[in-house]
Amino acid sequence: MKRKLYLIFLLLLTACAAPTKNVSPPAATPTEILPIPSQTHQNDLFDANNIILAAPECNSGLTSSQTEGPYYKSGSPERNSLYEAGMPGKRLLVVGYVLDQNCQPIPGAWLDFWQADANGSYDNAGYTLRGHQYADAQGRYFLETVFPGEYPGRTQHIHVKVQPPNGNILTSQLYFPNEPGNSSDGIFDSALLVKLEDRGDYFVAYFNFVTQK
Ligand code: FE
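Let me begin by describing the structure that accompanies this report. Keep in mind that this is a model prediction, so the values were computed, not measured.

Some words on the overall build of the protein
Summing up its helical and strand segments, the protein has 2 helices and 9 strands in all. From first element to last, N terminus to C terminus, the protein shows the α and β order α-α-β-β-β-β-β-β-β-β-β. For the protein, with 213 residues in total, the buried portion stands at 42%. In the protein, 74% of the contacts between residues at least 6 apart in sequence involve partners at least 24 apart. Summing over all exposed atoms, the protein offers an accessible surface of approximately 11,700 Å²; the carbon and sulfur share of this is 55%.

With respect to the packing of aromatic side chains
Evaluation of the coordinates by the stated rule reveals 11 aromatic pairs. Their ring planes at 45° and their centres at 5.4 Å tell us that Tyr141 and Phe209 sit as a pair that is tilted. You can see Tyr141 sitting in strand S4 (residues 140-146) and its partner Phe209 sitting in strand S9 (residues 209-210), a full 68 residues away along the chain. Each ring, one from Phe147 and one from Phe176, has its centre 5.0 Å from the other, and the planes form 55°; the classification is tilted. Within this pair, whereas Phe147 is found in the loop between S4 and strand S5 (157-163), its partner Phe176 is found in the loop between strand S6 (170-175) and strand S7 (195-198), the two being separated by 29 residues in sequence. Like Phe176, Phe147 is buried. Chaining the aromatic ring pairs together yields one cluster made of Phe113, Tyr141, Phe207 and Phe209. We note Arg91 situated over the ring of Tyr202; from NZ or CZ to the ring centre the distance is 4.8 Å. Geometry around Phe46 places Arg140 over its ring, the cationic atom sitting 4.0 Å from the centre.

Definitions and cut-offs
- Residues numbered from 1 in each chain as written.
- Predicted model: local features only at pLDDT ≥ 70, side-chain atom pairs only at ≥ 80, totals over all residues.
- Heavy atoms only, no water.
- Helix = DSSP H or I, 4+ residues; strand = E, 2+ residues; numbered from the N terminus.
- Buried < 20%, exposed > 50% of the residue type's maximum accessible area, 1.4 Å probe, protein only.
- Contact = heavy atoms within 4.5 Å.
- Areas by Shrake-Rupley, 256 points an atom, 1.4 Å probe, with all protein chains shown as cover.
- Phe/Tyr/Trp six-rings, centres within 6.5 Å; stacked < 30°, edge-to-face > 60°.
- Lys NZ or Arg CZ within 6 Å of the ring centre and 35° of its normal.

Listed below in structure tokens is the structure:
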């Protein structure tokens, strides 16, 4: 009898300890970031500049496309820095993720940047302030440049093309907050505003591209 009671007690104890329902591990969220791979060139750039990207959010949907404008030139050199010694203009780092429609990073995405210099002029003869790069294994890009200047009819902007491996090209432009020219620029789109961090001597601009993979 005593043994029977003990067994019943054990059974009750097991039942209480068991989960009341099946709890499966949390599903991967859309903001999940790919595992950090071995050290890459891009990691060095992010570490060296104390840049840690926030977990991506894709609440605003796909990045809107914009006109290419008249100054695109194919064949830009591959580089993370468009900055050259003595170049006028405030130094600027532009960083972020390239993400797909499910908010997943797109490693190896091609990004081609081109912009006016601080005086609002494009280099149409050469490749000054033009360059392409590929998103790293975490889908991040890193661009060192200077603030572009205004030119007639346009507020400050940086042109960009983004293409996932074997995907379609997104052509767009990035804008800067609190620029007086934004309100009078017919192409300006507030959804393409970067988030600016003032670091004294320079700024860091954050922007995530979200494009169809
Ligand atoms: Fe332009």
